[in-house]
Amino acid sequence: MSNNVTPKVVVFASSIFSQNILMYLMEKKYLVGIILPDPSELGVGAIGVDSLAAQLKNAGIPYQCCCEKKLPLIVEQLDAWQASLGIVATYPHILPPEILDYFGGGRLGIYNVHASNLPDYVGPCPVYWQIRNNEKSAKIVLHRVERQVDSGDIVASHIVEIDPLDTLPSLTNRLAYESCRLVAELLESIDANGCPPK
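Just so we're clear, the structure is a prediction, and the values are computed from it rather than from any experiment.

Cut-offs used in this document
Residues numbered from 1 in each chain as written. Predicted model: local features only at pLDDT ≥ 70, side-chain atom pairs only at ≥ 80, totals over all residues. Heavy atoms only, no water. Phe/Tyr/Trp six-rings, centres within 6.5 Å; stacked < 30°, edge-to-face > 60°. Helix = DSSP H or I, 4+ residues; strand = E, 2+ residues; numbered from the N terminus. Buried < 20%, exposed > 50% of the residue type's maximum accessible area, 1.4 Å probe, protein only. Lys NZ or Arg CZ within 6 Å of the ring centre and 35° of its normal. Pairing = 2+ DSSP bridges. Axes fitted to C-alpha atoms, helices over the stretch in contact; angles between N-to-C directions. Contact = heavy atoms within 4.5 Å.

Peer 1: Outline the packing of aromatic side chains, listing residues and values.
Peer 2: Taken as a whole and assessed by the stated rule, the structure comprises four aromatic pairs. Between phenylalanine 12 and phenylalanine 103 the ring centres are 6.5 Å apart and the planes differ by 75°, which places this aromatic pair in the edge-to-face class. Of this pair, phenylalanine 12 sits in strand S1 (residues 9-13) while phenylalanine 103 sits in helix H4 (residues 97-104), and the two are 91 residues apart along the sequence. Classification of phenylalanine 12 as buried rests on a relative accessible area of 0%. Here tyrosine 102 and phenylalanine 103 contribute two aromatic rings whose centre-to-centre distance is 5.1 Å and whose plane-to-plane angle is 85°, an arrangement assigned as edge-to-face. There is no split in this pair, since tyrosine 102 and phenylalanine 103 are both buried. Among the aromatic residues, those joined into a cluster by ring pairs are Phe12, Tyr91, Tyr102 and Phe103. For arginine 107, the ring lying beneath its charged end belongs to tyrosine 102, and the centroid distance is 3.7 Å.

Given below as structure tokens:
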């Protein structure tokens, strides 16, 4: 990257929705680690975390599982990885102030991938609700993470048409693909300007 700014990216993830993002970051050599939620806290959602953890282990990618209560302590792991940029992609827990402060303190920030035209469909399961409500299109956005959930400034977005025959998996797959493009746009902006978009 130009301007001597090479992001060291940590991804907060819980499913293979983040797979395209992870592959892109690995290819560009930006990925330094992944934070996964503790599967024992997720019920049926644990299957996605277990699957992702197995893939990461097989690929030799560093990751850390953390229960929600101990998330403030994950700052030590972020320091060990020398993380400078955070990406949240389907992470089920609200990040505590300690993590937000870590990425705000002279680092490149932390950004969330959200599958709706914010402020519409805030919170979990936005893809399901957009299909259920017969929306004609969905928007995937990348926004800054702030203390108030899904409220930060949007730095990149793409519209994805919803086909009448779309299912939750088919639309989710297309949105996951687009999410990788948003992360690439963010990193290109950092490359061009030496800092994240304002």
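The structure having been displayed, the exposition proceeds.
Peer 1: Which residues make up the sheet that holds strand S4 (residues 85-89), and what values go with them?
Peer 2: Strand order in this open sheet of seven strands is S3-S2-S1-S4-S5-S6-S7, and the pairing throughout is mixed. The open sheet has two edge strands with one neighbour each: strand S3 (63-66) and strand S7 (154-161). Here the strands of the sheet are splayed against their neighbours by 20° on average, with no regard to which way each runs. Sheet topology places S1 next to strand S2 (residues 31-37); four bridges connect them, and they run parallel. Paired with valine 9 across the two strands is leucine 31, which belongs to S2. Here H4 sits on the sheet in contact with S1, S4 and strand S5 (110-114), set at roughly 115° to S5.

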